[in-house]
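Residue-level listing of the chains:
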There are 2 protein chains.
Amino acid sequence: MDIVIPLYDDYEPLDVVGPYEVLAYMPGASVRFVGAEKGPVKDALGALPTYVPATYSEVERCDVLLIPGGRSVEAMVADADFLAWVRRVHARTRFTTSVCTGSLVLGAAGLLKGLTATTHWSGAEALASYGAVYTPQRTVRQGKVITSAGVSSGIDMALTLAASLTDEVTAQAIQLWIEYDPQPPFDSGSLAKASDAVRKRVFELGKEPPHNG
Amino acid sequence: MDIVIPLYDDYEPLDVVGPYEVLAYMPGASVRFVGAEKGPVKDALGALPTYVPATYSEVERCDVLLIPGGRSVEAMVADADFLAWVRRVHARTRFTTSVCTGSLVLGAAGLLKGLTATTHWSGAEALASYGAVYTPQRTVRQGKVITSAGVSSGIDMALTLAASLTDEVTAQAIQLWIEYDPQPPFDSGSLAKASDAVRKRVFELGKEPPHNG
């Protein structure tokens, strides 16, 4: 089971590592990170330099393609070479998936036309501009295309995917291994649940990327 | 707000990136990753090479120390230099925290004697051997020491911590930004909830580290 995750500068780290932590534990799975070039990529939060060991042009096919989101997704949706590669690989995947604004890449590649799909709540309009029908669900599956909502939703998506690729007992064992028994101290993880004060504050937080490292 | 996270070979990536994704969004926060040496470290799942930009010996103090777990925690609890550094930094932190088997490092450093604490369910006995009272809670705070359970629990812990370091509205805004409205497809994220079949399978999964990359 060959899982390929493209990384690019300013990728959102939990978009990537949430599903990675789940999918890599599937027996027989192999996760590969790829970039436009081999070498260092910078995460959106700025402190965790990562070294991408392979280029996406080396990948002709894979079982699962997973596109993460991030602050530079606008550059990725304008990168014709990358989008052509996404389309080409998608043609032979078992599942083509996205986390957060990664769905905008799938949209820009023309893979979501007429499909119901989801994304980070801040990306709803952009998603619709690609002909997708946005729904604020955590995970949306349409045939072999699975999109998920913002950042942390990739963990839920990956558990569902792991059950499809292996079996429910194995997916549940991975859930137990990563002790995914979430108990958030607050209940403001979606726009529908957050208070007006929280929605105001999140726009302030979102304006400026964090400065770390 | 200076947050320091030591990385070492075979660290569990979600232990690290879950809290990083939360804490780095706090206004004024700066997250630093440190290692025994500058340079590449390997994650426990094998596919995401990371480059650590600073050594822990460069850090004399920080506001928050966060110790992640991983497959090599046994080496870390035997590393006298590292444990001495943990003790020295802990003396002046605002919060000393751990995710997963990172609590065994705090235990080995002598910081959990007589305290209630938690860890990954597989580490309960080892934790008790350091004089801590293990409890299978998601997050345990004792004074300025906060331990959390396995892997994904660091997200919950970090949201609680963010509320202490900033305010509840800010912590809730970070929760909304990372859309942390968890909807796991299964309910087997703790030993108490998992079926016998799942508990049997998890020991098979846990025996062998994943082969990726």
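Residues numbered from 1 in each chain as written. Chains lettered and ligands numbered in written order. Predicted model: local features only at pLDDT ≥ 70, side-chain atom pairs only at ≥ 80, totals over all residues. Heavy atoms only, no water.

Visitor: Outline the environment of Pro 136 of chain A, listing residues and values.
Guide: Looking at where Pro 136 of chain A falls in the secondary structure, it is placed in the loop between strand 9 (133-134) and strand 10 (139-142). Separated by 12 residues in sequence, Pro 136 of chain A and Ala 124 of chain A have C-alpha atoms that sit 8.4 Å apart. (Helix = DSSP H or I, 4+ residues; strand = E, 2+ residues; numbered from the N terminus.)

Visitor: I'd like to hear about the relation of the copies chain A and chain B, residue by residue, with values.
Guide: Mapping chain A onto chain B calls for a rotation angle of 180 degrees and an axial translation of 0.0 Å; the resulting RMSD is 0.0 Å. Such a combination of rotation and displacement between the chain copies is what one expects of a two-fold axis. Among all residues of chain A, the one whose C-alpha sits closest to the rotation axis is Thr 50 of chain A, at a distance of 2.2 Å. Taken together, the interface assignments show that 100% of the residues at the interface of chain A recur at the interface of chain B, consistent with an identical surface on both copies. (Least-squares fit on C-alpha atoms with pLDDT ≥ 70 in both. Contact = heavy atoms within 4.5 Å.)

Visitor: Which residues make up the pattern of salt bridges, and what are the values?
Guide: Taken as a whole and judged by the stated rule, the model has 16 salt bridges over all chains. As a salt-bridge pair, Asp 181 of chain A and Lys 193 of chain B come within 2.6 Å of each other at their nearest N and O atoms. Here the residue Asp 181 of chain A occupies a position in the loop between helix 7 (168-177) and helix 8 (196-207), and Lys 193 of chain B occupies one in the loop between helix 7 (168-177) and helix 8 (196-207), the pair thus bridging two chains. Using a relative accessible area of 11% as the deciding quantity, one classes Asp 181 of chain A as buried. The partner of Glu 204 of chain B in a salt bridge is Arg 201 of chain B, with the nearest N and O atoms 3.5 Å apart. Here Glu 204 of chain B pairs with Arg 201 of chain B, and both are found in helix 8, just 3 residues apart, close to one helical turn. According to the relative accessible area criterion, Glu 204 of chain B is partly exposed, its value standing at 39%. Linked through salt bridges whose partners overlap, the residues forming this network are Asp 167 of chain A together with Arg 201 and Glu 204 of chain B. (Salt bridge = Lys/Arg side-chain N within 4 Å of Asp/Glu carboxyl O. Buried < 20%, exposed > 50% of the residue type's maximum accessible area, 1.4 Å probe, protein only.)

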